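# Notes for the structure review
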Amino acid sequence: MVTVNHLPFALKLFAALGCGLVAGVFFAFSTFVMNALSRLQPAQGIAAMQSINITAINPLFMMALFGTAAACIFLAFSSLLRWHQPGAAYLLVGSLLYLVGTVGVTIVFNVPLNDALARVDPSSTDGASLWVSYLANWTFWNHIRTAAALAGAALLTIALCC
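First, a word on scope: everything that follows refers to the structure included in this document. Fair warning: this is a prediction, and the values are worked out from it, not measured in the lab. (Residues numbered from 1 in each chain as written. Predicted model: local features only at pLDDT ≥ 70, side-chain atom pairs only at ≥ 80, totals over all residues. Heavy atoms only, no water.)

## Focus: the layout of surface pockets
By volume, the largest pocket is sized at about 530 Å³. The wall of the largest pocket is formed by 22 residues, among which Asn53, Ala56, Ile57, Phe61 and Asn114 lie closest to the centre. Elements with a minimum of two residues in the lining of the largest pocket: α1 (7-38), α2 (42-55), α3 (59-81), α4 (88-118) and α5 (125-161). Residues that form the lining of the largest pocket fall into these classes: 15 nonpolar, five polar and two charged. (1 Å grid on protein atoms, 1.4 Å probe; cavity = no way out; pocket = protein on both sides within 12 Å on 5 of 7 lines; lining within 4 Å. Points joined across faces, edges and corners; volume = space filled by probe spheres on them. Helix = DSSP H or I, 4+ residues; strand = E, 2+ residues; numbered from the N terminus. Nonpolar A, V, L, I, M, F, W, Y, C, P; charged D, E, K, R; others polar.)

## As for the packing of aromatic side chains
In the structure shown here, the tally under the stated rule is six aromatic pairs. Relative to Tyr134, the ring of Trp131 lies with its centre 5.6 Å away and its plane at 15°, an arrangement referred to as stacked. Highlighted residues: Trp131 and Tyr134, both in helix α5, separated by three residues, approximately one helical turn. With respect to burial, Trp131 and Tyr134 carry one shared label: buried. Ring pairing ties together the aromatic residues Phe29, Trp131, Tyr134 and Trp138, which thus form one cluster. (Phe/Tyr/Trp six-rings, centres within 6.5 Å; stacked < 30°, edge-to-face > 60°. Buried < 20%, exposed > 50% of the residue type's maximum accessible area, 1.4 Å probe, protein only.)

## Details of α2
Between its terminal C-alpha atoms α2 stretches 20 Å, which fits the 20 Å expected from 14 residues at 1.5 Å a residue. Turning to α2, its buried residues are Gly45, Ile46, Met49, Gln50 and Asn53. The arc that holds every buried residue of α2, seen down its axis, measures 130°, which confines them to one face. Projecting away from the buried face of α2 at angles above 90 degrees are the exposed residues Ile54 and Thr55. (Expected span 1.5 Å × (residues − 1). Arc of directions from axis to C-beta.)

Printed below as a string of structure tokens:
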């Protein structure tokens, strides 16, 4: 049973595991999913990615992505209020890496790219043209958010040990 005294540890653990889980999902896209999609004909790759983008918006993934963000917001503020305690710097930097480098990058870069892809006809020339730049740009930003989530997970894990 989680008591009030165990809540900070449980929240740190939840955030560290959430960062790691999200990093793993994004890592899969960076290391093989996008490469596999790039090997398809543009119309097939676009249609597949459009389907992925629709199905990614589900309660489990949203909880992992944004539930972790909520925990990181709380931990970042908490670390500032308890700056003198061991691990506070790890909590702050780990939380900010996830919030800015993962969630921020997702909202500012990956989602607009997904929205643009959603508006094209997969079999059109505009679609094929967009697909080439989409693959490069989306994957670049995905590498950034993968690294940020993984670094956040590492720092939050270190904070657990302090």
